[in-house]
Structure formats: C-alpha cells, structure tokens
Amino acid sequence: MMTKLQLYRVAFGGYMTNVLIWGIGGRMGKTLYDCLNKNENTNVIGGVDKFANQKDFSVPVFNSISDINVKADVIIDFSRAEALYDILPYAKENKIPVVLCTTGYSELDLDYINEMSKEIPLFKSSNMSIGINLLIDLVRKATALLGENFDIELIEQHHNMKVDSPSGTALSIADAIKEEMNNTLEYKFGRQDNNERRKKNELGIHAVRGGTVVGKHEVLFLGNDEVITIKHEASSKAVFAEGAVKASIFISSIKTPGIYNMNDLIKATK
C-alpha cells in the first residue's frame, strides 16, 4: 500500500521524481545521494559540484551550470548560500522547482529568494528534520504560556566544520519565539561583549562548535525555582536528507510559484 505522500505524488501526474543534486560532493550531498537512491519514488540524474570526484557516483557530475545536459524535475541544493545566483536563474529558465536546504543566507539573499519565488516553486527550510519542526511548534506553545514570566535562552551545537553561526535552525526557532512575544524580544548573541545584568526582553542565542556533533538545539525556559527544556538532537545527517527527499517529491508536484516549507508538506501528507 502506498503512503499518503506517494498517493499525493501520483495524483499530480507522476511517480518517479528525477533529482539534480547541487553540492553532491559534500557530506550532506553524499548522504542525500544515498537516500534518494534507496527511495523507490526518486531517481538521481546528476549532480553539480566542481570539487566532487566522478568516481564516487554512478551519475554524471557537472563542474558548472554550463555543463548540465540532463532534465530534472527538481533541484535539491545542499551547497552554500552564494550558489543561489547560479541555481535560481537556471531553475527559472528551465522551469524547475528547487529545494533550498542551505543556511547562512544574508538579507540580500533572502530578498533574492523572495523575488525568484514569484517565478518558480521554492521549498525553503532552515532544517529539513520533521522533529525540528515539531520542536518549533512546541516552543511556540510554551512561549505563549510561559513567555511573560520566564527568561528564554537558546543553545545550538554543531560540528567543527560548520561555517555559519548561529545556525539557520536556531534563528528559525528564535524567530518563532519572537513572533509569539509580539516582536518584543531582542536577540543577544553571547554575553562576552559587556558586563551587565540580563535584560528582561533578551532572547539569548549561543553557538557551540566542536567534534562531529550533527546538530543539537535546546530552548530553555528559566523561571523562579524551575527550568523547562525543549530539545532536539540529530545523531545522523540522514534525518535531514530524508526530509529533503520528501520535500523534493512534494515540490515537484507544485505548479504555482511561491515559497513552501515543511508545514506545507506536513499538511499535504496528513
């Protein structure tokens, strides 16, 4: 029996989703490649990565956008923020939806994504894990109940190779908290720059980098005589890759331009 997600894909006129992986040679790219190959509804038709070794893959790996000679149903990007300016014009020209899994976007990048979403369907999530999106929902509920009387601090941990800090996921969690507090909170990134008491309207955000930590996010609600902690820890990059696989099947069925996210996917598969 097919899952609801598979039925959703079939209902929109197809079954096999042909995927082009941008950043196929990276650690997440390789993990995604393996996950896509194990899924009966997806087919990797190529990758783009000038640093990748062709011998590691059974599909063509292109050095640049000008070398691509395959037709994809969807592009999944697990590279770097600056790749946007190659990926999105190519996707627009070829009418291909894109799953953006990269973090570390600047305000200028986000404006560009919003502008291009008027032309093609884009799936954007700072974290592709279903569990993280559940955490964000729980944090929203906790903030609505506790926010006025509790201090809120956010701690994120990642491996020592991660470039952006704080993580895009941490910022998404922070944004959800801030929204629940009617945008009255101010972000405080660490506390090494001054010596003063914590302000009531602060939302502390702290980044830890080291070892091989895949990803851990904790939100602490600190009140008088009690602390409530909501946390999520990923022990393997596969959880993010699996989410990207589901997102690729979902967005390849979407014909209307716009920005879609994990909540849209979850609603479509209920």
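Because the structure is predicted, anything quoted here is derived from the model rather than measured.

Trainee: Hey, could you run me through the environment of Leu 203 in this one?
Mentor: In this structure, Leu 203 sits in strand β9 (residues 202-209). Among the residues examined, Leu 203 registers a relative accessible area of 0% and is labelled buried. Leu 203 sits 18 residues away from Leu 185 along the chain, and the two C-alpha atoms are 6.1 Å apart. What Leu 203 contacts, discounting residues up to four positions off in sequence, is Ile 152, Glu 153, Ala 174, Ile 177, Leu 185, Glu 186, Tyr 187, Lys 188 and Arg 198.

Trainee: What am I meant to see in the pairing of strand β11 (residues 226-234) here?
Mentor: Note on strand geometry: in a regular strand, side chains alternate between the two faces of the sheet. Relative to β11, strand β10 (residues 215-223) runs antiparallel, the two being bridged by nine bridges. Within β11, the residue paired with Leu 220 across the bridge is Thr 229. The antiparallel pairing of β10 with β11 creates a hairpin that spans two residues between the two strands, and Asp 225 there sits at a positive phi of about 70°.

Trainee: Before we go on, may I ask you to explain the nonpolar core in this structure?
Mentor: Soluble globular proteins: nonpolar side chains tend toward being buried together. One finds Leu 32, Ile 76, Val 99, Phe 123 and Met 128 to be the most contacted residues of the largest nonpolar core, which totals 34 residues. Broken down by secondary-structure element, the contributors of at least two residues to this core are β1 (17-22), α2 (27-38), β4 (74-77), α7 (238-251) and α8 (262-268). Sort the elements by how many residues they give to this core and α7 lands first, with eight residues. Setting aside anything within four residues of it in sequence, one finds Phe 123 in contact with Val 98, Val 99, Leu 100, Met 128, Ala 247, Phe 250, Ile 251, Tyr 260, Asn 261, Met 262 and Leu 265.

Trainee: Honestly, the sheet that holds β1 in this entry has me stumped. Any pointers?
Mentor: Strand pairs in the sheet, formed through backbone hydrogen bonds, run parallel or antiparallel to each other. Pairing in this open sheet of seven strands is parallel, and the strands run β3-β2-β1-β4-β5-β6-β12 from one edge to the other. On the outer flanks of this sheet lie β3 (61-62) and β12 (258-260), each paired with one strand and no other. Contacting β1, β2 (42-48) and β4, α2 crosses the sheet at an angle of about 170° to β1.

Trainee: What's the story with the packing of aromatic side chains in this structure? I'm lost.
Mentor: Aromatic rings in a pair are described by how distant their centres are and how their planes are angled relative to each other. Throughout the structure, instances matching the rule amount to six aromatic pairs. Considering the side-chain rings of Tyr 85 and Tyr 112, the 4.6 Å spacing of their centres and the 25° angle between planes classify their relative orientation as stacked. Remark: Tyr 112 occurs in helix α4 (residues 107-116) and Tyr 85 occurs in helix α3 (residues 84-94); sequence separation between them is 27 residues. The interplanar angle of 75° and the centroid separation of 6.2 Å between the aromatic rings of Phe 250 and Tyr 260 together place this pair among those described as edge-to-face. With Phe 250 in helix α7 and Tyr 260 in strand β12, this residue pair connects regions lying 10 residues apart in the sequence. For Tyr 260, a relative accessible area of 16% gives the class buried. We note Lys 178 situated over the ring of Tyr 187; from NZ or CZ to the ring centre the distance is 4.9 Å.

Trainee: Where do I start with α3 in this structure?
Mentor: Residue pairs three or four apart in sequence face the same way in an α-helix, which turns once every 3.6 residues. All of the buried residues in α3 are Leu 84, Ile 87, Leu 88, Tyr 90 and Ala 91. Along the axis of α3, the buried residues cluster in a sector spanning 165°; they form a single face. Buried-residue contacts for α3 involve β1, β4, β5 (98-100), α4 and β6 (121-124). Directly beyond the C-terminal end of α3, a positive phi value near 55° is found at Lys 95.

Trainee: What exactly am I supposed to notice about the pattern of salt bridges here?
Mentor: Think of it this way: side chains of opposite charge can pair up when their charged atoms draw near. One pass over the structure, following the stated rule, counts 12 salt bridges. Arg 191 serves as the salt-bridge partner of Glu 153, at 2.9 Å between the closest nitrogen and oxygen. You can see Glu 153 sitting in strand β7 (residues 151-158) and its partner Arg 191 sitting in the loop between β8 (186-189) and β9, a full 38 residues away along the chain. Judged by its relative accessible area of 10%, Glu 153 is buried. The salt bridge partner of Arg 209 is Glu 156, with a shortest N-O separation of 2.8 Å. You can see Arg 209 sitting in strand β9 and its partner Glu 156 sitting in strand β7, a full 53 residues away along the chain.

Trainee: What exactly am I supposed to notice about the sheet that holds β10 here?
Mentor: Reading across the sheet, the five strands line up as β8-β9-β7-β10-β11 and stay open at both edges, with mixed pairing between neighbours. At either margin of the open sheet sits one strand with a lone partner, and together these are β8 and β11. Each adjacent strand pair in this sheet contributes to an overall mean axis angle of 20°, direction not counted. Seen against the sheet, helix α5 (residues 130-146) touches β7, β10 and β11 and runs at an angle of roughly 165° to β11.

Definitions and cut-offs
- Residues numbered from 1 in each chain as written.
- Predicted model: local features only at pLDDT ≥ 70, side-chain atom pairs only at ≥ 80, totals over all residues.
- Heavy atoms only, no water.
- Helix = DSSP H or I, 4+ residues; strand = E, 2+ residues; numbered from the N terminus.
- Buried < 20%, exposed > 50% of the residue type's maximum accessible area, 1.4 Å probe, protein only.
- Contact = heavy atoms within 4.5 Å.
- Pairing = 2+ DSSP bridges.
- Core = buried A, V, L, I, M, F, W, Y, C linked by side-chain atoms within 4.5 Å.
- Axes fitted to C-alpha atoms, helices over the stretch in contact; angles between N-to-C directions.
- Phe/Tyr/Trp six-rings, centres within 6.5 Å; stacked < 30°, edge-to-face > 60°.
- Lys NZ or Arg CZ within 6 Å of the ring centre and 35° of its normal.
- Arc of directions from axis to C-beta.
- Salt bridge = Lys/Arg side-chain N within 4 Å of Asp/Glu carboxyl O.

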